[in-house]
Amino acid sequence: MVAPFYQLIKGNFVIVGKEPDGDSVRFIADNPDLYQNLHRAFRIKPSTVDGSVQLRFEAIDATELHYGTAEQPLGAETRDVLLNLLGFSNITFRGTKVVSANPEQIAGAILSQAAEANGRPVSYILLAEATAALEDGSWIHVTPDLIQQTLNYRLLVKGLVYYTVYTSLPLTHRQFLREVAQMAREQQLGVWSADRTSSFVLLDQTSLSPPDGQVILPKLFRRCTDYLKAVAKGFAGNLTDWLVSTEGTSRQENDQVILGNMTPLKLSDLLEQRNSTIVFNADLLDLVFVEK
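The text that follows walks through the structure, step by step, so that each part is easy to find. What you are looking at is a predicted structure, and each value in this text was computed from that prediction instead of being measured.

On to helix α5 (residues 171–186). Its 16 residues place the ends of α5 22 Å apart at the C-alpha level, agreeing with the 22 Å of an ideal helix rising 1.5 Å per residue. Here α5 has its buried residues at H173, R174, F176, L177, V180, A181 and A184. Summarising the contacts, the buried residues of α5 are in contact with β1 (5–14), β9 (121–127), α3 (144–147), α4 (151–157), β11 (162–163) and β17 (287–289). Once α5 ends, the next one or two residues include Q188, with phi positive near 55°.

See the structure below:
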């Protein structure tokens, strides 16, 4: 069982010249040597330009703003809320890249245990005032009270992001954050007022992208997008067939997932395709993805 202890790393969030989205920004640590204490630290590769690293926000997933050239509805809106919560203003963009902002950096901190497979520290996000009395590099018992001070929580409680958790998240955190997401869903806030994950039509990329696309779980959106690319290159099967076909390859897309206390399943086990309609046979709040 994963213990709820996270290392505090202080630094600055940076967005100028970057492409932030609703659940990820770049971060420059005051002391980058602290990354070495994290699990899979060898995967973390700070930028040679400014020392920043891309973060993955713990326990949440925002609709995609730039998954390659593909995007989802609400992606830009969620990004703008996040940047406002961080304290940035007067932001100008060129496409999805930030050209200017006031200020250019915001002091804050992350709480992290590990980097994920792509080298992003999986992090709770805190503003500087929440960590002023805490020592940089200290390992902290992260309680629900502390989680409520994070931007992860503030996005989740407003329904702006999906609850998306992995086996690497402590059980107490999963239980607490699931209740937060459940309340947001009951109130039909944010993504929950538009969510179509349980049954959606997949004809082409426009089915899932602005202006009229359906809103679905971002992880499933990414899998659908990659599937459509495979179809364009000649793949003849349905979405489930394609997920199974990726097993054992360098890009394994058929995620392992746990429902409640059940034996791990594959993402493909939860899907049915009826002509162009995709049916997802699970409650999103019951999913726990197995960390790769």
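All chains considered together, the criterion is met by 17 salt bridges. A salt bridge links E291 to R56; the nearest nitrogen and oxygen atoms lie 3.4 Å apart. With E291 in the segment after β17 and R56 in strand β4 (residues 56–57), this pair connects stretches of sequence that are 235 residues apart. Between D255 and R223 there is a salt bridge; the shortest N-O distance is 3.0 Å. In this pair, D255 sits in the loop between α7 (239–245) and β13 (256–259) while R223 sits in helix α6 (residues 218–232), placing the two residues 32 residues apart along the sequence. Taken as a pair, D255 and R223 share a single burial class, namely buried.

Before going further, it helps to spend a moment on the environment of V122. Inspection of the secondary structure puts V122 in strand β9. With a relative accessible area of 7%, V122 lands in the buried category. Separated by 67 residues in sequence, V122 and L55 place their C-alpha atoms 6.3 Å apart. Residues within four places of V122 in sequence aside, it is in contact with R56, E58, L111, S112, Q113, A114, A115 and E116.

A negative phi angle characterises most non-glycine residues, just as the trans form characterises most peptide bonds. In this structure, P103 follows N102 across a cis peptide bond, with omega equal to -10°. For the bond from P210 to P211, the omega torsion is 10°, close enough to zero to count as cis. Here P211 shows up in the loop between β12 (199–201) and α6. Located in the positive-phi region is N275, a residue other than glycine, with phi close to 55°. Relative to the helices and strands, N275 resides in the loop between β15 (271–274) and β16 (277–280).

Here we take up the sheet that holds β15. Strand order in the open sheet formed by three strands is β12-β16-β15, and the pairing between neighbours is antiparallel. At either margin of the open sheet sits one strand with a lone partner, and together these are β12 and β15. Going from strand to strand, the sheet's axes swing by 20° on average, the running direction of each strand aside. Strand direction decides the pairing type here: β12 and β16, joined by three bridges, are antiparallel. Across the sheet, the residue bridging to S199 is V279, located in β16.

Within this structure, the stated rule accounts for seven aromatic pairs. Where Y6 meets Y124, the ring centres are 5.4 Å apart and the plane angle is 55°; that geometry is what we call tilted. With Y6 in strand β1 and Y124 in strand β9, the pair connects residues that are 118 residues apart, well separated along the chain. Overall, the relative accessible area of 0% leaves Y6 in the buried class. The buried category is assigned to Y124, whose relative accessible area is 1%. Ring centres of Y227 and F235 lie 6.4 Å apart, and the angle between their planes is 80°; this geometry places the pair in the edge-to-face category. In this structure Y227 comes out as buried when scored by relative accessible area, which is 8%. On the accessibility criterion, F235 (26% relative accessible area) is partly exposed. Among the aromatic side chains, those forming a connected cluster through ring pairs are Y227, F235 and W242. Over the ring of Y166 we find R56; its NZ or CZ atom is 4.5 Å from the centre of that ring.

With that settled, the discussion passes to the pairing of strand β7 (residues 97–102). Where strand β6 (residues 89–94) and β7 come together, four bridges link them in antiparallel fashion. Counterpart to F93 in the pairing with β7 is V98. Linking β6 to β7, which pair antiparallel, is a turn of two residues; within it G95 sits at a positive phi near 70°.

Parameters and conventions
- Residues numbered from 1 in each chain as written.
- Predicted model: local features only at pLDDT ≥ 70, side-chain atom pairs only at ≥ 80, totals over all residues.
- Heavy atoms only, no water.
- Helix = DSSP H or I, 4+ residues; strand = E, 2+ residues; numbered from the N terminus.
- Expected span 1.5 Å × (residues − 1).
- Buried < 20%, exposed > 50% of the residue type's maximum accessible area, 1.4 Å probe, protein only.
- Contact = heavy atoms within 4.5 Å.
- Salt bridge = Lys/Arg side-chain N within 4 Å of Asp/Glu carboxyl O.
- Pairing = 2+ DSSP bridges.
- Axes fitted to C-alpha atoms, helices over the stretch in contact; angles between N-to-C directions.
- Phe/Tyr/Trp six-rings, centres within 6.5 Å; stacked < 30°, edge-to-face > 60°.
- Lys NZ or Arg CZ within 6 Å of the ring centre and 35° of its normal.

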